[in-house]
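Below are the chains, spelled out letter by letter.
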Amino acid sequence: MSERKESGDKRGQPSSPRQAPVTISDVQELVRRKDEIEAQIKAYYDVLEDQKGVGMNEPLVDIEGYPRADVDVYQVRTARHNIICLQNDHKALMKQVEEALHQLHARGKEKQAKDAAEAQNEAMNQGQGSSWGPSPSFSQPFAKVNSISPGSPASNSGLQVDDEIVEFGSVNTHNFQNLQNIGTVVQHSEGHPLNVTVLRRGERLQLRLVPMRWAGKGLLG
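Predicted model, so just to flag it, every value in this text is computed and none were measured.

**Side note on the confidence of the model for the protein chain**
Working step 1: Summarising the model, the protein chain shows a mean pLDDT of 81, and 81% of its residues fall at 70 or more.
Working step 2: Helix H3 (residues 136-139) is the least confidently modelled element of the protein chain, averaging 48 in pLDDT, while helix H1 (residues 24-50) averages 92, the highest of any element.
Working step 3: Counting contacts from residues 1-10, a segment whose pLDDT is below 50, to residues more than four positions away or on other chains yields one contact.
Working step 4: Here residues 127-137 scores under 50 on pLDDT; set against residues more than four positions off or in separate chains, the count is 16 contacts.

**Details of helix H5 (residues 179-187)**
Each α-helix turn comprises 3.6 residues. Residues three or four places apart therefore point the same way.
Working step 1: Taken residue by residue, H5 has Asn181, Ile182, Thr184, Val185 and Val186 as its buried positions.
Working step 2: N-capping of H5 is provided by Asn178, with a side-chain oxygen placed 3.0 Å from the backbone N of Gln180.

**Quick notes on the side chain of Gln51**
Working step 1: Positionally, Gln51 belongs in the loop between H1 and helix H2 (73-125).
Working step 2: Excluding anything up to four places from it in sequence, Gln51 contacts Val71, Asp72, Gln75 and Val76.

**Some remarks on the pairing of strand S5 (residues 203-209)**
Working step 1: Where strand S4 (residues 194-200) meets S5, seven bridges bridge the pair, whose relative direction is antiparallel. Bridge pairing links Val196 to Leu207 in S5.
Working step 2: Connecting S4 to the next strand, S5, in antiparallel fashion are two residues, including Arg201 with a positive phi near 50 degrees.

**Structural notes on the packing of aromatic side chains**
Working step 1: Applying the stated criterion across every chain, the model contains one aromatic pair.
Working step 2: Here the aromatic rings of Phe142 and Phe176 are separated by 4.6 Å at their centres, their planes lie at 25 degrees, and the arrangement is stacked. Of this pair, Phe142 sits in the loop between H3 and strand S1 (143-144) while Phe176 sits in the loop between strand S3 (171-172) and H5, placing them 34 residues apart in sequence.
Working step 3: Its relative accessible area of 22% is what places Phe176 among the partly exposed residues.

The rules behind the values
- Residues numbered from 1 in each chain as written.
- Predicted model: local features only at pLDDT ≥ 70, side-chain atom pairs only at ≥ 80, totals over all residues.
- Heavy atoms only, no water.
- pLDDT = per-residue confidence, 0-100.
- Helix = DSSP H or I, 4+ residues; strand = E, 2+ residues; numbered from the N terminus.
- Contact = heavy atoms within 4.5 Å.
- Buried < 20%, exposed > 50% of the residue type's maximum accessible area, 1.4 Å probe, protein only.
- Polar contact = N/O pair within 3.5 Å; in protein donor to acceptor, adjacent residues only side chain to side chain.
- Pairing = 2+ DSSP bridges.
- Phe/Tyr/Trp six-rings, centres within 6.5 Å; stacked < 30°, edge-to-face > 60°.

Right, dumping it as structure tokens:
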């Protein structure tokens, strides 16, 4: 995105700092904060439940207009206020998570296209017929499929046991740290297709996997 040019002399004015690219660790931190907020909201709802189950909308005055004597009115009002504030924070945080995941996916696609072009150019320079062989860093898998449950989303996508994962959504060899990286992408991609690249008996395959709830455990199987 380019900046709008304005008339006048801008010399000597500091330029705004460039925003650092989003990483998987950033997304994991956002998810951790989301979980904390959800735990706090639940705790305040428990407070309301302990106060005769007043909830968020039940009146705190009796039929004569006096504060109810059977509940701690101050505690209930405080809990309700905190729940509203935390729900707003939760909504804003979920938007940040969504935007961060979009950035990761977009950057992953850009990198995939760039690496493919570089691999093809190198193959042409070396006089080889394959566009995949000369770039080990592009082809190097970071995980292996040990089991697939029949009828699961993973099975329906075409994944097979012993497939070696080269790319899983925005996760690739260069940014993979541990399997939690894949779990984070899956958790926030429920119902949305993910591009998965695998090596199967030396052949490179592109699959589309849609994480979703099914009869078994998890979103993949």
